[in-house]
Amino acid sequence: MSVPRRPPALLAAPLLALALLLTGCSSDAAPEKSPVGVPGLGAAGPQSDAASTLRSSPSPTPAPSPAEIPDLGPETLAQIPDEAQQAFVVTGEEADSYRSSAVLYSRADPAEGWEPVAGPWPAHNGMEGWTDFHVAGDRRSPTGVYTLTDAGGRLPDPGALLPYDEHPRFAVDGEGFFGEPLEGSFDYVVAINYNRTPGVSPLNRTRPLGLERGGGIWIHVDHEGPTQGCVSVPEEQMEELLRMLDPAMNPVIVMGDGETLRR
């Protein structure tokens, strides 16, 4: 007896079922291989959106450097103490000139750096200009950076923040180098801590470096002419300076001719 043949379609069905069991139920196409090189993204090709995004991402903008006082060189800047937050900068026109200009700078916010808060004001300095090595009688103002801690004058305290010594001994008379009257020059003064002991009246005559190195170097009221070695500004600006110099901000004076200050 002959065995009847099974139709081809009936033979294909079990084979199809077996194939489905082996490949799973999903009818989606198999996923492409994940690119390599970028975690989570793969190595995107040149036309890839991911590559474009990576290339166009902006670099972080560096924080701006704190502002420095203009026209001061690295040597001069290095002399300004870190704790100083006020700097009265007196810049002479030339090494042998008695004419200057003055600007008060503040850095209340160290992140922002220095900014001008008063000036520029006209000023005078020593008759013979400036020197890096001041000696008594040379008629030159000492260059450098000096602290400012004490004030005083013949007139009553105008609202100074620095300790203020009102005393009649600040009276002065006579004439300057060009015959201008000196009267009133010491109505207001701020002692520059060159060859003196900080924390005492500007009238104190202690000279730590010796008498031969001079002393009594002050900021005082201008008498419209050169000085023996001090710095002078007009009376109105002198009053303003006294009301602004704050011992809590450790004020200093930066003084010298322009070329020296640029060192």
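Nothing here was measured: the structure is a model prediction, and the numbers come from that model.

What counts as what
What you see as residue numbers is a count from 1 along each chain, following the sequence as written. Local features are withheld for residues below a pLDDT of 70 in this predicted model, meaning they are given only at 70 or higher, and side-chain atom pairs are given and counted only at 80 or more; totals for whole chains, interfaces and linings count all residues. For side-chain calculations, the full set of non-hydrogen atoms in the structure is used, while hydrogens and water are omitted. Here is the rule: rings of Phe, Tyr and Trp (six-membered ring for Trp) pair when centre to centre is within 6.5 Å. Planes less than 30 degrees apart are stacked, more than 60 are edge-to-face, and the remainder are tilted. What counts as a helix is a DSSP run of H or I of at least four residues, what counts as a strand is a run of E of at least two, and both are numbered from the N terminus. Whether a charge sits over a ring comes down to the Lys NZ or Arg CZ being within 6 Å of the ring centre and within 35 degrees of the ring normal. In this scheme, a residue with accessible area under 20% of its type's maximum is buried, one over 50% is exposed, and one in between is partly exposed, where area comes from a 1.4 Å probe on protein chains only. It is the directions from the helix axis to the C-beta atoms whose arc is reported. Should a side-chain nitrogen of Lys or Arg be within 4 Å of a carboxyl oxygen of Asp or Glu, the pair is scored as a salt bridge. Residues belong to one nonpolar core when they are buried, are Ala, Val, Leu, Ile, Met, Phe, Trp, Tyr or Cys, and are joined through side-chain atoms within 4.5 Å. The contact criterion used throughout is that any non-hydrogen atoms of two residues lie within 4.5 Å. We define a polar contact as two N or O atoms separated by no more than 3.5 Å, with the added condition that, inside protein, one atom must be a possible hydrogen donor and the other a possible acceptor, whereas residues neighbouring each other in sequence contribute only through side-chain atom pairs. For two strands to pair, DSSP has to find at least two bridges joining them.

Looking at this structure, I do not really get the packing of aromatic side chains. What am I missing?
To describe a pair of aromatic rings, one takes the distance between the centres and the angle between the planes. This structure, assessed with the given rule, holds five aromatic pairs. When the centroid spacing of 5.7 Å and the interplanar angle of 55° are considered together, the rings of Phe170 and Trp218 count as tilted. One end of the pair, Phe170, is in the loop between strand E7 (164–166) and strand E8 (189–192); the other, Trp218, is in strand E9 (residues 218–221), and 48 residues separate them in sequence. One aromatic cluster is present, built from ring pairs that chain together Phe170, Phe186 and Trp218. When the ring centre of Phe133 is taken as origin, the NZ or CZ atom of Arg213, which lies over that ring, is 3.9 Å away.

Looking at this structure, how should I read helix H4 (residues 235–244)?
Three- or four-residue spacings in an α-helix give side chains the same orientation, since the helix completes a turn every 3.6 residues. Of all the residues in H4, the buried ones are Gln237, Met238, Leu241 and Leu242. Within H4, the buried residues cover an arc of 140° as seen down the axis, which keeps them to one side.

I tried to follow the pattern of salt bridges on my own but got confused; where do I start?
When their charged atoms lie close together, side chains carrying opposite charge are able to pair. This model, assessed by the stated rule, comprises five salt bridges. Between Asp96 and Arg140 there is a salt bridge, with the nearest N and O atoms lying 3.1 Å from each other. Remark: Arg140 occurs in the loop between strand E4 (130–131) and strand E5 (141–142) and Asp96 occurs in the loop between strand E1 (86–92) and strand E2 (99–106); sequence separation between them is 44 residues. A residue is classified by how much of its surface remains accessible, and Arg140, at 22% relative accessible area, is partly exposed. Where Asp187 meets Arg154, a salt bridge forms, and the shortest distance between an N and an O atom there is 2.8 Å. With a gap of 33 residues between them, Asp187 in the loop between E7 and E8 and Arg154 in the loop between strand E6 (144–153) and E7 connect regions that are remote in the sequence.

I'm lost on the nonpolar core in this one. Help?
As a rule of thumb, soluble globular proteins bury nonpolar side chains together. Core analysis: the biggest nonpolar cluster contains 29 residues, and Phe88, Val90, Val190, Ile192, Ile219, Ile253 and Met255 have the highest contact counts within it. Beyond its immediate stretch of four places on either side in the chain, Ile192 contacts Tyr146, Thr147, Leu148, Ile217, Trp218, Ile219, Ile253 and Met255. Within the second largest apolar cluster, 13 residues are counted, among which are Leu72, Ala84, Ala87 and Val254.

Got a minute to help me understand the environment of Phe177 in this structure?
Here Phe177 lies in the loop between E7 and E8. Under the relative-accessibility criterion, Phe177 is labelled partly exposed at 27%. Counting along the chain gives 49 residues from Phe177 to Pro226, while the straight-line C-alpha distance between them is 6.9 Å. Residues contacting Phe177, with those up to four places away along its chain left out, are Met127, Arg139, Pro226, Thr227 and Gln228.

What's the story with the environment of Asp138 in this structure? I'm lost.
Mapped onto the elements of the fold, Asp138 is located in the loop between E4 and E5. With 10 residues separating them along the chain, Asp138 and Glu128 place their C-alpha atoms 7.6 Å apart. Sequence-distant contacts of Asp138, that is, excluding residues within four places in its chain, are made with Glu128, Thr131 and Phe133. One polar contact links the side chain of Asp138 to the main-chain amide nitrogen of Val135, over a distance of 3.1 Å. A distance of 2.9 Å separates a polar side-chain atom of Asp138 from the backbone nitrogen of Arg140.

Sorry if this is basic, but what is going on with the side chain of Asp150 here?
The topology assignment puts Asp150 in strand E6. By relative accessible area, which is 4% here, Asp150 ends up buried. A polar contact is formed between the side chain of Asp150 and the side chain of Arg196, at a distance of 3.1 Å. Residues within four places of Asp150 in sequence aside, it is in contact with Leu162, Pro163, Val190, Ala191, Asn193, Arg196, Pro198, Gly199, Val200 and Pro202.

Just to check I follow, could you spell out the environment of His167 for this structure?
Within the element layout of this structure, His167 appears in the loop between E7 and E8. For His167, a relative accessible area of 27% puts it in the partly exposed group. His167 has contacts with Gly153, Arg154 and Leu203, leaving out every residue within four places of it along the chain.

Got a minute to help me understand the pairing of E8 in this structure?
Moving residue by residue along a regular strand, the side chains alternate between the two faces of the sheet. In E8, alternate side chains face the same way, and those of Val189 and Ala191 on one face and Val190 and Ile192 on the other are all buried. Sheet topology places E6 next to E8; four bridges connect them, and they run antiparallel. Residue Leu148 lies in a different strand from E8, and its bridge partner there is Ile192. Sheet topology note: the E8/E9 ladder contains three bridges and is antiparallel. Pairing of Val189 across the sheet is with His220, part of E9.

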